[in-house]
Structures are given as C-alpha cells and as structure tokens.
Amino acid sequence: MRRHLTPILALAAAALLPACATPPATPVPAGAQRMEAREIRALFAHPTRLDNGVRGGLTYRFAPDGTVEFGMRMFSARRTGTWRVDDDGLCVRVETDPWICGPLHRLGSGRFYFDVPQYDQDYNTLTVRE
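Below is a short write-up of the structure. Here the residue numbers are simple positions, counted from 1 along each chain's written sequence. Per-residue local features of the predicted model are confined to residues with pLDDT of at least 70, and side-chain atom pairs are confined, for both listing and counting, to 80 or more; whole-chain, interface and lining totals are unaffected and use all residues. Side-chain figures throughout are based on the complete set of non-hydrogen atoms in the structure, without hydrogens or water.

Next up on the list: the overall build of the protein. Numbered from the N terminus, helices here are DSSP runs of H or I no shorter than four residues, and strands are runs of E no shorter than two. Of the regular secondary structure elements, the protein holds three helices and ten strands. Along the chain direction, N to C, the helices and strands of the protein fall in the order α-β-α-β-β-β-β-β-β-β-β-α-β. Out of the 130 residues in the protein, the part that is buried amounts to 42%. Partitioning the contacts of the protein with sequence separation of at least 6, the portion at a separation of at least 24 is 42%. When the accessible area of the protein is evaluated, it comes to approximately 7,400 Å², of which 54% is carbon and sulfur surface. For every residue, the accessible area (1.4 Å probe, protein chains only) is compared with the maximum for its type, and the residue is labelled buried under 20%, exposed over 50%, or partly exposed between those bounds. In this analysis, two residues are considered to be in contact whenever any of their non-hydrogen atoms come within 4.5 Å of each other. Using the Shrake-Rupley algorithm and a 1.4 Å probe, accessible areas are obtained, with residue cover drawn only from the displayed protein chains.

Okay, here's the thing in structure tokens:
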C-alpha cells in the first residue's frame, strides 16, 4: 500500500507547490508583516512543523540543518527536501524539483503567510503545530 501512496503524494505535492511560471499574485492578508532573513532563520533554528490551511493539506517539518519533510495530512507518505533563506525570503525544494522562493510574512498567533502567487490564501497560510 505504501508504494501506491508515493505517486499520489508526488502528484499532490506537484499540484500544491508552485510551478516555474509566474501567474497573477494572490493578495497578502491585511496586517501581514514581511519577515527578514534573520527572523526566518530564527523561526527554523529548532524543529518546526507548519500546516497549511487546506483541509487534509500539506505539513512541512523544517529542521535547523536545512532539511524539510513534506507530507499530506491525509496520507502517511512523505517526501524530503531542503530549505534556505535567500534575499529575505524563504526557499524550499522538494527532492530534485526546482527551488520555490517567496517572502514569508508573520500573521501573528503562530501563523505565517508564504507568498507564493500560484495559490490562494488557504494554501499559503501556515500555522505552527506541535
């Protein structure tokens, strides 16, 4: 069964993570404060789990060593990748896929907004989970 979930997870991740084209931007939520590189590094200075706002959507597990694990909350399959901070923005990469970069904003109360223009606010809104 696990072998059958890997292609599903890969398809879902490909659908949920942005492509190389630059579509119209989605609006950043009101009151969002753009984070600087030092703030992003501090956020991930310890293991951090972030869930996006889509029901059954993605979970990101960031590690201080620059690795990240991606998974869908409705499946147990996972993919690995890397993260970095570049020009006051967050960049993530799933395995050998292209890097995806964008500004990270603080929304307050353990919530963040990863400004990736291809998706709506639910996909881009991330909440810290324990």
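The structure having been displayed, the exposition proceeds.
For this analysis, a ring pair means two rings from Phe, Tyr or Trp (six-membered ring only for Trp) whose centres lie within 6.5 Å, classed as stacked if their planes differ by under 30 degrees, edge-to-face if by over 60, and tilted for the remaining angles. The tally for this structure, following the rule as stated, stands at five aromatic pairs. Between the aromatic rings of F62 and W83, the centroid separation amounts to 6.2 Å while the plane-to-plane angle is 75 degrees, which identifies the pairing as edge-to-face. Remark: W83 occurs in strand β5 (residues 78-86) and F62 occurs in strand β3 (residues 58-62); sequence separation between them is 21 residues. Geometrically, a charge over a ring is one whose NZ (Lys) or CZ (Arg) sits within 6 Å of the ring centre while staying within 35 degrees of the ring normal. Note that R84 overlies the ring of W99, its terminal NZ or CZ placed 4.1 Å from the centroid.

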